[in-house]
Every structure is written in structure tokens, then in C-alpha cells.
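# A structural walkthrough
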Amino acid sequence: MIREEDYRFMQEAIEEAKKAYAIEEVPIGAVVVKDGEVIGRGYNLRERDHDPTAHAEIIAIRDAACWLGGWRLTGCTLYVTIEPCPMCAGAILNARIDRVVYGAKDPKAGCAGSLMNILTDGRFNHQAEVISGLLAEECAELMRSFFKRLRK
């Protein structure tokens, strides 16, 4: 169920994605929220850092864990502009994040409903609530614009 505050925090994730766009990284942004406060932020830095794991979600999760002083992010919601990939979905479960809200679907790598749903699979020892499609058009347009610019 979408909450009123979800729009505000997704907008913060979009602002993170714009930071990636500005430095010619794939524009995906994420924030981790606990008790109504952003405690972790991230945007894609794979190209800059030469790091295949430098996805927005991973960076935001690391930032939040540092802020909390521990790896368990129970009681947290992750907002991300694009559906998490398998690596990020695994990190979300391992961090024990309770809720994931994402914007646009990723039909090629999405593992929160598109190709599969790792986050709600009962075979794992943790599951996360998944809300999809929040501000999806705005999130998707950032990606379309980025790849259109890249092709030119």
C-alpha cells in the first residue's frame, strides 16, 4: 500500500538518480528511510569507481548501515527509481530491509516482480514488502533520456 510519505522519499531517490545522470552514470538513485528520516543515500557509481557492485541500492544500504552502526536494517524502507537487480535484491534481503518501493520496472534484470521476485520468495529467511510503479514514468524518462543521449 502506497503511503503519502512514499512520494516525498521517491522524489529524493529521483534526485539521487539525477546526480548519476550528471556524471554520465546510469541514472538510478536510492534512499533508505527509517522512522521518517533518510539514513542512507546512493546513486550508481559503477563507471566512476570501476566497480560492478556500485549500484545505487548497495551504496544506500552501506550508508544506512554505517549510520545505524549495524548491518540489520529492520524497520527500514528502501526507495529506488528502478526495480532492483538480483544482486541488489539479495543485498536487500541480507540487510533485512522490510519494505521496498520502486519506480520503473526493469524487464531485463528486475528481480522484484519482472523476471522473478526474490524479495517475496518464502524460501529465503527474510522477505520484503514490495510496492512497484511509484512515479514510474518520471523514473523511466530519466533512463530513456540517458540512453538516448548516450547513443548520440
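This text goes with the structure placed above it.
Predicted, not measured: the structure shown is a model, and the values here were computed from it. (Residues numbered from 1 in each chain as written. Predicted model: local features only at pLDDT ≥ 70, side-chain atom pairs only at ≥ 80, totals over all residues. Heavy atoms only, no water.)

## Re the layout of surface pockets
Here the largest pocket defines a volume of roughly 450 Å³. Across the lining of the largest pocket, the residue classes break down as 11 nonpolar, 2 polar and 7 charged. (1 Å grid on protein atoms, 1.4 Å probe; cavity = no way out; pocket = protein on both sides within 12 Å on 5 of 7 lines; lining within 4 Å. Points joined across faces, edges and corners; volume = space filled by probe spheres on them. Nonpolar A, V, L, I, M, F, W, Y, C, P; charged D, E, K, R; others polar.)

## Quick word on the pattern of salt bridges
All chains considered together, the criterion is met by 10 salt bridges. Here D121 and R123 are joined by a salt bridge, their closest N and O atoms 2.6 Å apart. Salt bridges sharing partners connect three or more residues here, namely E12, E16, K19 and R41. (Salt bridge = Lys/Arg side-chain N within 4 Å of Asp/Glu carboxyl O.)

## Re the pairing of strand 3 (residues 76–82)
Of all 7 residues in strand 3, 7 are buried; the element is thus mostly enclosed. As paired strands, strand 1 (residues 29–34) and strand 3 are joined by 5 bridges and run antiparallel to one another. Bridge pairing links V33 to T77 in strand 3. Where strand 3 lies against strand 4 (residues 99–104), 5 bridges are found, and the strand directions are parallel. Across the sheet, the residue bridging to L78 is V100, located in strand 4. Taking the sense of rotation as the criterion, the β-α-β connection linking strand 3, helix 4 (residues 86–94) and strand 4 turns out right-handed. (Buried < 20%, exposed > 50% of the residue type's maximum accessible area, 1.4 Å probe, protein only. Helix = DSSP H or I, 4+ residues; strand = E, 2+ residues; numbered from the N terminus. Pairing = 2+ DSSP bridges. Right-handed = clockwise from strand over helix to strand, strands pointing away.)

## Let's talk about the pairing of strand 4
Among the 6 residues that make up strand 4, 6 are buried, leaving the element largely enclosed by the rest of the structure. When strand 4 meets strand 5 (residues 129–132), the two strands line up parallel, connected through 4 bridges. Looking at the pairing, R99 lines up with E129 of strand 5.

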